[in-house]
Amino acid sequence: MTSRKRKRDETTSSTIPKTEEIISSESCLSQPSDQSVHEVITYKPSTLPAIHYDPDTTEPISCSLKSLDELLSWKRQEASLFNVATVPLASRYPPLHSCPRRTLVSHDMMGGYLKDRFIQGAEVETPYAFYHWEYIDIFNYFSHQMVTIPPAVWTNAAHKHGVLSIGTFITEWTDGAKTCQSQPAYKDTYNTKTDKLVQISHCYGFDGWLINIENVLSESAVKNTGPFLRYLTDQMHERVPGSVVIWYDSVLKNGSLDWQNKLNDDNRMFFDACDGIFTNYNWTEQSLEWMKSYSAAQGRFADIYVGVDVFARGVVVGGKFETNKALKLIRKYELSTAIFAPGWVYECHEKADFRQNQDKFWSLLSDYLYIHRPSSSLPFISSFCQGFGKSLYWRGQVEMKRSWFNLHAQEIQPLYLSENMDNGGWLRTRGCSEDAWIGGSSLMVEGMIPSGRSEVCARIFSLHVPLATRTFVSFVYKPPVGVKISLELKTIDGPLCTFDGMEEIAPSSVFPEALAEDNQLVEQFAQKCGQWSLDGWTTRCFLLKMIGCLLREVCIRVSRDGGDEDICFNCRIGEIMLLDAESLQAPLQSVEGICVNDVVWHKGDGHTQSKVLLNATLRWQYPTPQVRHFRIHWRRPRGPDPRIPPGPLTLIGRSYSTLYRVVELEVPAAPGLIELVVEPVSREGFRVPEAQWGRRTLSYSASSSENPSV
C-alpha cells in the first residue's frame, strides 16, 4: 500500500490522556485476599448503568452511542470494562500493508446489537457467526446508530485471526444534516468530536472507523469535513498503530448527497484525507476502468474498496450467490472490495442451513480472495470451535448441555473447502456441532475416494509459523471406518521466505511418525492434560526435529484401507496443537487478587419468590496469554457446624478475560456463606492444580428492613 503522505498539523493536535484507567465502583485493594466479603441483602433496583448492563439481569452488554451529545459527553472512566477487547491483533502473512487487493466485510444485520450484544454469551439455537476470517482483511461492525462500537466478541474473534475490527460513525438524512450543521465552523469543535472517537477506539481496543455521512452538508460543514477526516486519521494512527479510517462514498465536495459509485474529482478530497474509500454499490465495469486510470488512484488501488451489496439492491453487478461475478470484475482492475451484509446467507434462508449456505457463499468467492496465513509464534492450537454449539464440550465430555453462542470462544478457524475430483470423487471440510473435543464444534473431513485413486488430501490450515528445534504435535480425532488417517505437514526454510507480491514458495512435505505412549514427552503431556482418550476420541503425538523452518500447511491425508472400489468416508477432527517441546516443562501460575464487587440481589420469580439470586462482578489477576479460558465455579464451604460437609463445586460458566459477571445465581437463603472459585485452563488445555485456583468467600445476611417472607 502506498500510504496517504502528509505532515501532521501540530497546531490542530490535542492531547489525549495516555494513562487513564477505567474505574470500577469498588477497588480490589479494599478486599484483602485472606478475608471474606460480607454483604447485607437488600432488594433495591440496580444502580449499574443500563447502557452497559441488562436492566433485568445485570448481564454485561455492548451498545452504541445514539447522539452527538452522548459522544461529546463520553468519559473513559464510565466505559464498560466488559466490552474492552482483550485479544491483541495477531500477526498474519502477508500483513495488511503488503496486500495488493484487500477485502473488507461490513456486518449489517437487522440493526445490529442482537444476541452478540451479550458479552458473556447467550443461549441461541441457530446464531449467526462469521468464521471465514482467512479471506478478509478488515471487519466493520455496522449499524444505523451514530457511533457504532463493535462488540468485544467480534473484535476479539477478528484479532485472533489478524483481522482489523472497525466501528462506524454515521449521520443520515434530515437529522444527520441538523447534527452536522450544529457544529460551529471552528476547528476546536470537530477536534473535540474527533478526540472522543479516538479515545473510544483506544479504550475498547478496536482499530478504526468507517465514516458514513449520508446527508447534505452546508458550505461550512463540508469545509470542515476534510480537516476532520485528516485529523481523525492522524490521531488514530498515533494512538492505535495499524488502524484505518475509511470514507463512504456519499457526500461530494460541494456538500450535496450524490453517490458516485467510484472515486472521482467530486469525492477525491475525502479520499486524500484518510486511508481509503468504500464506494457505493451501483458501479459498472466502466466505473472500475475509470478508477484504474484515474490519476488520484495511482499507487493507492488497494485503498479503493469497491462496494458489493450481497442483498443485490438496486442495479448492481452480482450479489447473493452471484457475488463472485462482482469480485471477478473488481479483481480484474486490481482493486480492493467491501462486501456489505454477507449475513444475507442467514437472514434470507433457513437458519438450520446457515453453515451450508455460508460455506457455499465464500467458496464461490474463494478464487478472488487471498488466503492469509496466521504467523504468530508457537504454540499453534485450534479445536475448530466456531463460537457456538448445541453443547459446551471439554476434552470430549459435555460440560454444559444447552445451545450457546459466544464468539469469545471461537478458535483459529481452518480452511472450509469443497473440491470435486475426476471419476465422481469429492472432498469437503465443514464445521459440525453434533460432537466436539473442546468448545462447540469439530471439523468434519468427508468425501469419496473414487475407484483408481488411493488417497485424498485435505488442506485444513495455511500458516506461516516458525517451528521450534523440537516441536511437539498433538492430533485428536475419531478414527473413521474403512480408511486410514495420517497427518501431513508442509514446511519451508525460514531464510528463503519473504513476501513479494503473490509469489509462493514450494513447501516440502513431512509425515511425522507417531510417538509411543510410553515416550517421555507423551507421558508428560498426558499427565498435564489429565485425560487421554475418551468416547472414541484418539490422541496421537509426534515430535518434529527441524532447524530454521516455517510451517506452511497442515493437511489431513485420507487413504483407502484395501480394495479399489469407490469408498465414502467422514472423519471428525477434534484438535491440532503444535508446541515447543520445552514448554511442557514450563510451570503454571496461580490466580491472584480475586475480588467481588457490584453486587445486586434479586428474588426468584413466580414459585421461587423465596429464593435468593446473586449478581456480582468477579475480577482477578492472571497472565491472559497463558490461558484458553477460566472456569468459574461456586460451592458452599464447610460451615461452623462440622456435621455439614462442604458442597460440591458447581460450574457457573466460562470467562475469556480476567473479569466475569455472575448472573442470577441461586444461593442458599440468608444467612449464608459461599465460595466463588476461578480455575484457569491453560491454552494447551493443561490442568492447573487446584491449589493455584483463585478463591473468594462471600458471606451474606438478611437486612433488618427486609421481610424474607415477601
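Up top is the structure.
Quantities reported herein were computed from a predicted structural model and do not represent experimental measurements.

Novice: Just to check I follow, could you spell out helix 5 (residues 219–239) for this structure?
Specialist: Each α-helix winds once per 3.6 residues, and so residues spaced three or four apart point in a common direction. In this model helix 5 runs 31 Å from its N-terminal to its C-terminal C-alpha over 21 residues, within 8% of the 30 Å that 1.5 Å per residue would give. The sharpest bend along helix 5 reaches about 25° and sits at Thr225, with the proline Pro227 one to four residues further on.

Novice: Quick question: what am I supposed to make of empty space enclosed by the protein here?
Specialist: Unfilled space is identified by rolling a water-sized probe across the atoms. Using the criterion set out here, one finds 2 cavities of 30 Å³ or more in the structure. The calculated volume of the second largest cavity comes to roughly 110 Å³. In terms of lining residues, the second largest cavity is bounded by 14 residues, among which Glu134, His372, Pro374, Gln413 and Ser462 are the most central. When residues of the lining of the second largest cavity are traced back to their parent elements, those giving at least two are strand 12 (373–374) and strand 22 (455–466). Tallying contributions element by element places strand 22 first for the lining of the second largest cavity, with 4 residues. Looking at side-chain class alone, the lining of the second largest cavity contains 7 nonpolar, 4 polar and 3 charged residues.

Novice: Help me understand the layout of surface pockets in this model?
Specialist: The volume enclosed by the largest pocket comes to roughly 980 Å³. Residue lining of the largest pocket: 34 residues in total, with Val87, Lys160, Pro625, Val627 and Arg683 positioned closest to the centre. Classifying every residue of the lining of the largest pocket gives 17 nonpolar, 12 polar and 5 charged.

Novice: Before we go on, may I ask you to explain the pattern of salt bridges in this structure?
Specialist: Pairing between side chains becomes possible if they bear opposite charge and their charged atoms approach one another. Scanning the model with the defined rule gives 26 salt bridges in all. A salt bridge links Arg102 to Asp303, with the shortest nitrogen-to-oxygen separation between them at 3.0 Å. Of the two residues, Arg102 is situated in the loop between strand 2 (92–93) and strand 3 (103–107) and Asp303 in the loop between helix 7 (285–293) and strand 10 (304–309); the sequence distance between them amounts to 201 residues. Per residue, the accessibility class of Arg102 equals that of Asp303, and both read buried. Taking the shortest distance from any N to any O, the salt bridge between Glu411 and Arg628 comes out at 2.8 Å. In this pair, Glu411 is assigned in the loop between strand 17 (404–405) and strand 18 (418–420) and Arg628 in strand 31 (residues 627–635), connecting sequence segments 217 residues apart. With respect to class, Glu411 is no different from Arg628; both count as buried. One network of salt bridges, in which partners are shared, links Glu399, Arg631, Arg654 and Glu679.

Novice: Just checking my understanding: could you explain the sheet that holds strand 22 for this structure?
Specialist: Pairing between the strands of a sheet comes from backbone hydrogen bonds, and it takes one of two forms, parallel or antiparallel. One open sheet accounts for 4 strands, arranged 22-27-24-25; its pairing is antiparallel. Only two strands of the sheet have a single partner each, and these edge strands are strand 22 and strand 25 (508–510). The mean angle between the axes of side-by-side strands here comes to 25°, regardless of whether they run parallel or antiparallel.

Novice: So what exactly am I meant to see when it comes to the pairing of strand 27 (residues 549–560) here?
Specialist: In summary, the side chains of a regular strand alternate between the two faces of the sheet. For strand 27, a buried count of 12 out of 12 residues is recorded, marking the element as mostly surrounded by other parts of the structure. With 9 bridges joining them, strand 22 and strand 27 adopt antiparallel strand pairing. For Val465, the partnering residue across the bridge sits in strand 27 and is Leu551. When strand 24 (residues 483–493) meets strand 27, the two strands line up antiparallel, connected through 11 bridges. Opposite Val483, over in strand 27, you have Arg560 as the bridge partner.

Novice: What is the right way to read the packing of aromatic side chains from this model?
Specialist: Between two aromatic rings, the relevant description is the distance of the centres plus the angle of the planes. If you walk through the whole model with that rule in mind, you get 36 aromatic pairs. For the pair Phe361 and Trp362, a centre-to-centre distance of 5.4 Å together with 80° between the ring planes defines the contact as edge-to-face. The exposure class assigned to Trp362 is buried, which follows from its relative accessible area of 1%. Centre to centre, the rings of Phe380 and Phe461 are 5.0 Å apart; their planes meet at 85°, and the pair counts as edge-to-face. Of this pair, Phe380 sits in strand 13 (residues 380–382) while Phe461 sits in strand 22, placing them 81 residues apart in sequence. When its relative accessible area of 6% is taken as the criterion, Phe380 is described as buried. On the basis of relative accessible area, Phe461 is assigned to the buried category, the value being 2%. One aromatic cluster is present, formed by Tyr128, Phe130, Tyr131, Trp133, Tyr135, Phe139, Trp154, Tyr346, Phe354, Phe361, Trp362 and Tyr416 through successive ring pairs. For Arg300, the ring lying beneath its charged end belongs to Phe271, and the centroid distance is 3.9 Å. Here the basic side chain of Arg631 rests over the ring of Trp394, its NZ or CZ set 4.9 Å away from the ring centre.

Novice: Honestly, the environment of Ser36 in this entry has me stumped. Any pointers?
Specialist: Within the secondary structure, Ser36 sits in the segment before strand 1 (37–41). Ser36 sits in the partly exposed class, given a relative accessible area of 37%. Residues Ser36 and Trp133, spaced 97 residues apart in sequence, show a C-alpha to C-alpha distance of 45 Å. In this view, Ser36 contacts Leu673, Thr697, Leu698 and Ser699; residues no more than four positions away in its chain are not counted. Here the side chain of Ser36 touches Thr697 through a polar contact of 3.2 Å, landing on its backbone oxygen.

Novice: Help me out: how do you make sense of the nonpolar core in this one?
Specialist: Note on soluble globular proteins: their nonpolar side chains tend to be buried together. In terms of nonpolar packing, the biggest core is built from 143 residues, with Trp209, Ile211, Trp362 and Ile576 touching the most fellow members. In contact with Ile576, not counting residues within four places along its chain, are Phe380, Ile381, Ser382, Phe384, Phe461, Val473, Ser474, Phe475, Leu487 and Val554.

Novice: Please clarify how the sheet that holds strand 16 (residues 397–400) should be interpreted in this entry.
Specialist: Strand order in the open sheet made by the 3 strands is 16-15-20, with antiparallel pairing throughout. Strands at the two margins of the open sheet, each flanked by one partner only, are strand 16 and strand 20 (438–439).

Novice: Would you explain unusual backbone geometry in this entry?
Specialist: Leaving glycine out, the prevailing phi sign among residues is negative, and the prevailing peptide bond configuration is trans. Note the cis peptide between Leu378 and Pro379, where omega equals 10°. As for its position among the elements, Pro379 is in the loop between strand 12 and strand 13. Not every positive phi belongs to a glycine, and Trp173 is a case in point at roughly 55°. Tracing the backbone shows Trp173 in helix 3 (residues 173–181). At Asp598, a position not held by glycine, the phi torsion is positive, near 50°. Tracing the sequence through the fold places Asp598 in strand 29 (residues 592–603). Judged by relative accessible area, Asp598 falls into the buried class, the value being 15%.

Novice: For this particular structure, what's the right way to read the side chain of Ser433?
Specialist: Its location among the elements puts Ser433 in the loop between strand 19 (426–432) and strand 20. Taking relative accessible area as the criterion, Ser433 reaches 7% and is therefore assigned buried. A distance of 2.8 Å separates a polar atom in the side chain of Ser433 from a polar atom in the side chain of Arg355. A distance of 3.3 Å separates a polar side-chain atom of Ser433 from the backbone oxygen of Gly440. Setting aside residues up to four positions removed in sequence, Ser433 forms contacts with Arg355, Phe388, Gly389, Lys390, Gly440 and Ser441.

Novice: Honestly, the packing of helix 8 (residues 323–332) against helix 10 (residues 354–365) in this entry has me stumped. Any pointers?
Specialist: For any two helices packed against each other, the geometry is given by the interaxial angle and the distance between the axes. With their axes 8 Å apart at the nearest point, helix 8 and helix 10 run at an angle of 25° to one another. Relative to helix 10, helix 8 is oriented roughly parallel. Between helix 8 and helix 10 lies a crossing whose hand is right-handed. Note on element contacts: helix 10 touches helix 8 through Phe361, Leu364 and Leu365, opposite Thr323, Asn324 and Leu327. Grouping the amino acids of the contact of helix 8 with helix 10 by side-chain chemistry returns 4 nonpolar, 2 polar and no charged.

The rules behind these values
Residues numbered from 1 in each chain as written. Predicted model: local features only at pLDDT ≥ 70, side-chain atom pairs only at ≥ 80, totals over all residues. Heavy atoms only, no water. Helix = DSSP H or I, 4+ residues; strand = E, 2+ residues; numbered from the N terminus. Expected span 1.5 Å × (residues − 1). Bend = angle between axes of the 7 residues up to and from the residue. 1 Å grid on protein atoms, 1.4 Å probe; cavity = no way out; pocket = protein on both sides within 12 Å on 5 of 7 lines; lining within 4 Å. Points joined across faces, edges and corners; volume = space filled by probe spheres on them. Nonpolar A, V, L, I, M, F, W, Y, C, P; charged D, E, K, R; others polar. Salt bridge = Lys/Arg side-chain N within 4 Å of Asp/Glu carboxyl O. Buried < 20%, exposed > 50% of the residue type's maximum accessible area, 1.4 Å probe, protein only. Pairing = 2+ DSSP bridges. Axes fitted to C-alpha atoms, helices over the stretch in contact; angles between N-to-C directions. Phe/Tyr/Trp six-rings, centres within 6.5 Å; stacked < 30°, edge-to-face > 60°. Lys NZ or Arg CZ within 6 Å of the ring centre and 35° of its normal. Contact = heavy atoms within 4.5 Å. Polar contact = N/O pair within 3.5 Å; in protein donor to acceptor, adjacent residues only side chain to side chain. Core = buried A, V, L, I, M, F, W, Y, C linked by side-chain atoms within 4.5 Å. Parallel < 35°, antiparallel > 145°, perpendicular 65-115°, else oblique. Left-handed = near helix turned anticlockwise from the far one by under 90°.

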